[in-house]
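Here is how the chains run, residue by residue.
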Amino acid sequence: MRIAFQHSYAEQLPDAWAAARPDAPSAPVLLYWNAGLAEELGLPTVDEATLARLFSGAQLPDGARPIAQAYAGHQFGGLSPSLGDGRALLLGEATDRFGQRRDIALKGSGRTAFSRRGDGKAAVGPMLRELILGEAMQALGIPTTRALAVCATGDTVYRDRPLPGAVLTRVAASHLRVGTFQYFAIRGDRESLRRLADYTLQRHYPQLAEQDQPWLALLAAICERQADLLARWMHAGFIHGVMNTDNMALSGETIDYGPCAFMEAHHPSTVFSSIDEQGRYAYGNQPAIAQWNLARLAETLLPLIQPDDPAAAVPAASDVIDAFAEQYQQCWLTQGRRKLGLMGAEPRDEALLYNWTALLTDNQADHTLAWRALADEAAGQPAALRALIANHAALDDWLAQWRARLGPSAQAATTLAEALRSANPLYIPRNHLVEEALAAASEYGDMAPTLALLDVLRSPFDQQSGRERYAQPAAPEVAQDYRTFCGT
Ligand code: AMP
Ligand code: MG
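Residues numbered from 1 in each chain as written. Chains lettered and ligands numbered in written order. Predicted model: local features only at pLDDT ≥ 70, side-chain atom pairs only at ≥ 80, totals over all residues. Heavy atoms only, no water.

Let us look at the overall build of the protein. The secondary structure content of the protein amounts to 17 helices and twelve strands. Relative to the globule expectation of 23 Å for 488 residues, the C-alpha radius of gyration of the protein, 23 Å, shows essentially globular dimensions. Its C-alpha atoms give the protein principal-axis dimensions of about 65 × 60 × 40 Å. Per-residue burial for the protein yields a buried fraction of 57% across its 488 residues. The contacts in the protein between residues at least 6 apart in sequence include a share of 72% that link residues at least 24 apart. For the protein, the distance from the average position of its 42 positive side-chain charges to the average position of its 55 negative side-chain charges is 3 Å. (Helix = DSSP H or I, 4+ residues; strand = E, 2+ residues; numbered from the N terminus. Rg over C-alpha atoms; globule rule 2.2 N^0.38 Å. Buried < 20%, exposed > 50% of the residue type's maximum accessible area, 1.4 Å probe, protein only. Contact = heavy atoms within 4.5 Å. Lys, Arg positive; Asp, Glu negative; His and termini not counted. Charge placed at Lys NZ, Arg CZ, Asp CG, Glu CD.)

What follows is about the pairing of strand β10 (residues 162-172). With nine of eleven residues buried, β10 lies mostly within the body of the structure. Two elements, strand β7 (residues 101-107) and β10, share five bridges in a ladder whose sense is antiparallel. What sits directly across from Leu 106, in β10, is Thr 169. Bridge count for strand β9 (residues 146-158) against β10 is nine bridges, and the pairing is antiparallel. Across the sheet, the residue bridging to Ala 147 is Arg 170, located in β10. Between the antiparallel neighbours β9 and β10 lie three residues. (Pairing = 2+ DSSP bridges.)

With that settled, consider the side chain of Thr 484. Along the chain, Thr 484 turns up in the segment after α17 (476-480). Looking at Thr 484, the relative accessible area reads 0%, which means it is buried. Dropping the residues within four chain positions of it, Thr 484 is found in contact with Arg 129, Pro 259, Cys 260, Ala 261, Phe 272, Ser 273 and Ser 274.

The backbone of Arg 116 sits at a positive phi, close to 45°, despite the residue not being glycine. Along the chain, Arg 116 falls in the loop between β7 and β8 (122-123). Judged by relative accessible area, which is 55%, Arg 116 ranks as exposed. Positive phi outside glycine occurs at Asp 256, with the angle close to 70°.

The biggest cluster of nonpolar side chains holds 132 residues, and the ones touching the most others in it are Trp 356 and Trp 402. Per-element tally for this core: the top contributor is helix α7 (residues 214-236), with 15 residues. In this view, Trp 356 contacts Ala 370, Trp 371, Leu 374, Leu 385, Ile 389 and Trp 398; residues no more than four positions away in its chain are not counted. (Core = buried A, V, L, I, M, F, W, Y, C linked by side-chain atoms within 4.5 Å.)

Looking now at the side chain of Thr 169. Here Thr 169 shows up in strand β10. Residue classification places Thr 169 among the buried residues on the basis of a relative accessible area of 0%. The residues contacting Thr 169, other than those within four sequence positions of it, are Phe 55, Ile 104, Ala 105, Leu 106, Arg 146, Ala 147, Leu 148 and Ala 149.

Looking now at helix α4 (residues 124-139). If you check α4, its first and last C-alpha atoms are 23 Å apart, about what 16 residues at 1.5 Å a residue would give, namely 22 Å. In terms of residue burial, α4 counts as a mostly covered element, since 13 of its 16 residues are buried. One or two positions beyond α4, positive phi appears at Gly 141, with a value near 85°. (Expected span 1.5 Å × (residues − 1).)

Our focus in this paragraph is the domain arrangement of the protein. With domains assigned, the protein is organised as domain 1 (8-175) and domain 2 (179-336). For domain 1 and domain 2, the distance between their C-alpha centres works out to 23 Å. Taken together, both faces of the contact between domain 1 and domain 2 bury some 3,300 Å²; the carbon and sulfur share is 61%. At the surface where domain 1 touches domain 2, the tally comes to four salt bridges. A salt bridge links Arg 170 to Asp 256, with the shortest nitrogen-to-oxygen separation between them at 3.9 Å. Looking at the side of domain 1 that touches domain 2, the elements with two or more residues in it are α1 (8-12), β4 (73-75), β7, α4 and β10. (Domains from an automatic or database assignment. Buried area = accessible area lost by both parts, 1.4 Å probe. Salt bridge = Lys/Arg side-chain N within 4 Å of Asp/Glu carboxyl O.)

Under the counting rule described, the total for this entry stands at 33 salt bridges. Across the pair Arg 348 and Glu 346 runs a salt bridge, and its minimum N-O distance is 2.7 Å. Judged by relative accessible area, Glu 346 falls into the partly exposed class, the value being 30%. Each member of the salt-bridge network shares a partner with another, and the members are Glu 40, Asp 96, Arg 102, Glu 135, Arg 146 and Arg 458.

With that settled, the discussion passes to the state of the cysteines. Overall, the coordinates contain zero disulfides when judged by the stated rule. The structure places no disulfide on Cys 223, whose sulfur is separated from the nearest cysteine sulfur, that of Cys 331, by 11 Å. (Disulfide = S-S within 2.5 Å.)

Under the counting rule described, the total for this entry stands at eleven aromatic pairs. Summarising the aromatic geometry, the rings of Trp 356 and Trp 398 are spaced 4.8 Å apart at their centres and angled 40° between planes, so their arrangement reads as tilted. Taken as a pair, Trp 356 in helix α10 (residues 349-363) and Trp 398 in helix α13 (residues 392-406) lie far apart in primary sequence, 42 residues in all. According to the relative accessible area criterion, Trp 398 is buried, its value standing at 2%. For the ring pair Trp 398 and Trp 402, a centre distance of 5.7 Å and an interplane angle of 20° mean the geometry is stacked. (Phe/Tyr/Trp six-rings, centres within 6.5 Å; stacked < 30°, edge-to-face > 60°.)

If you want it as structure tokens, here you go:
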């Protein structure tokens, strides 16, 4: 297969990577091919056996130049100066049908210069989780990296037990991260830092090139995209799980699906990741953590903003970081208005939205179903919402405020219900269904549950008859003990 690869990252940032080769898999099998994404990338159609070789590391696509990218990162608050792609390889960049440059990278293809004590490998389960969660996010309208392919390698990887190995091919707007800037900042390598900033600006924010203060403008633009992204996560009930600075993409895409999961019973303190013992990356902490990560990015930019006196750039950079809180709040509000079916903007909207989330918290309501039940409520079917929110007095209070805000000139009930259904999904990747799908694939090589789940998740806003179980939360005793693990 010939992909018209470009290598702008490798060429323009010579100190930001190390060359590496993928390991040869012993018996590559294509588990999943994302035909829709392949079409977006303009990739030619080839047979499955060829795809299995090309996207498992057995054979490199023509024009690929595999490199492991360097980066640093704050992991759970502690700084690791040298992380980098320990099990990923960028093959190159391709221009998609929309004229956008996209990275194509392998994940799980073996050791690199950055592997430290890791084996550079990945298992089938976690790679399918990344596929499923990424496709779900995409269908929900949340910016995300995506899986082009998942291949089983035929090799065993050893975690707490032996598992079948896999390689995932990831497509991303780029893999530039907060941690990429930290890598050069820590080393005091201003020259490379400057090149990296230039590269990031040209690749993701070219309209800023003419600004008087391009690096402050770059920081502000990255903050804006993160504010929008985080508001989308929060409204969807998405918990990333490892919001380390190396897992925050400067493109504004969701990246690195490790121990992530969608929340069921709504509560700000919800944590699924087994390694997040302090709840640092709990659902309700995510916006504040995003701001913390952006402050780490801001620190790296100080010497570019004021080369002669970096400390003098602190106030201006701090203002940009402080503004993130308000930007996030505005995004949350704007997106929330749509989810509540509100037209226009009124001061009372913020309290209305806040009180709704408080109602969900107090009643431990299923996040997704409760939002969706607003559509039934609007259509004159109150039962679903009343079943989810036990405190009917509080619910009725809130509904009265909502009705008052919608106003007498509210849209016809059916129009409102339809608007609410197009803003509030019925289907998210339910944790127990994701686990069921991963177990079938991992233990029996059975991809049918994964394919069925992906099919449902592609149309999250449309009620799909015969697929009721895909909308249901796990039984409480299952949900209570749900834990996710880093796919390392
Ligand atoms: P993550 O938290 O999954 O984003 O990974 C953090 C760091 O660990 C990154 O530098 C990864 O490349 C590296 N890493 C994770 N798993 C492995 C592995 N199995 N082998 C080598 N490096 C790994
Ligand atoms: Mg990572």
